[in-house]
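Observations on chain architecture
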Amino acid sequence: MTCPLCKLENPGSARVCDCGYSFATGAAPSVAASTTANALLRSMDRSLRAIKFVVVAWAVLTLIGLLAWLLRDGPAATSPQPARAAQEK
Ligand SMILES: [Zn+2]
C-alpha cells in the first residue's frame, strides 16, 4: 500500500509507514513525530555544542602549542643552524 502522506510504497504487512503515518488508524503522525523531531533537534543542538567545545579547545591548544613552539625555537631561529648549512651543500 502507498502512504498518502509521503507516497512511499510500504509492504502490505506494514502497519506504520517510515514517516510515522499509521495505516491501521489512518492517523497522521502528530505527537509522536513532533516529539521525535524535537528530540532530534535537541540531540543536534547537543552535538553542535559538543563540536563548538571541541573547536574552541582545539584552537586554545593550538595557540598554546604555537606559543610554546615560538618561545622554544625563537632564539634558535636567529642563530645560524649547522644542520641546515650541511644540507645545502
Ligand atoms: Zn509515509
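A brief look at the structure comes next. (Residues numbered from 1 in each chain as written. Predicted model: local features only at pLDDT ≥ 70, side-chain atom pairs only at ≥ 80, totals over all residues.)

1. With respect to the overall build of the chain
- A count of helical and extended segments in the chain gives 2 helices and 0 strands.
- Taking all contacts inside the chain whose residues are at least 6 apart in sequence as the whole, residues at least 24 apart take part in 0%. (Helix = DSSP H or I, 4+ residues; strand = E, 2+ residues; numbered from the N terminus. Contact = placed C-beta atoms within 7 Å.)

2. Quick notes on the environment of Tyr21
- Within the secondary structure layout, Tyr21 lies in the segment before helix H1 (31-78).
- The exposure class of Tyr21 is buried, given the 20 C-beta atoms found within 10 Å.
- Sequence-wise, Tyr21 and Leu5 are 16 residues apart; in three dimensions their C-alpha atoms are separated by 7.1 Å.
- Residues contacting Tyr21, with those up to four places away along its chain left out, are Cys3, Leu5, Val16, Ala28 and Pro29. (Buried ≥ 20, exposed ≤ 12 C-beta atoms within 10 Å, placed from the backbone.)

3. Points about the environment of Leu8
- Its location among the elements puts Leu8 in the segment before H1.
- Residue class for Leu8 comes out partly exposed when judged on the 13 C-beta atoms lying within 10 Å of it.
- Spatially, the C-alpha atoms of Leu8 and Asp18 are 8.2 Å apart, while their sequence positions differ by 10 residues.
- Leaving out residues up to four positions away in the same chain, Leu8 has contacts with Cys3, Cys17, Asp18 and Cys19.

4. Considering unusual backbone geometry
- Residues other than glycine seldom take positive phi values, yet Lys7 does so here, at roughly 65 degrees.
- Looking at the secondary structure, you find Lys7 in the segment before H1.

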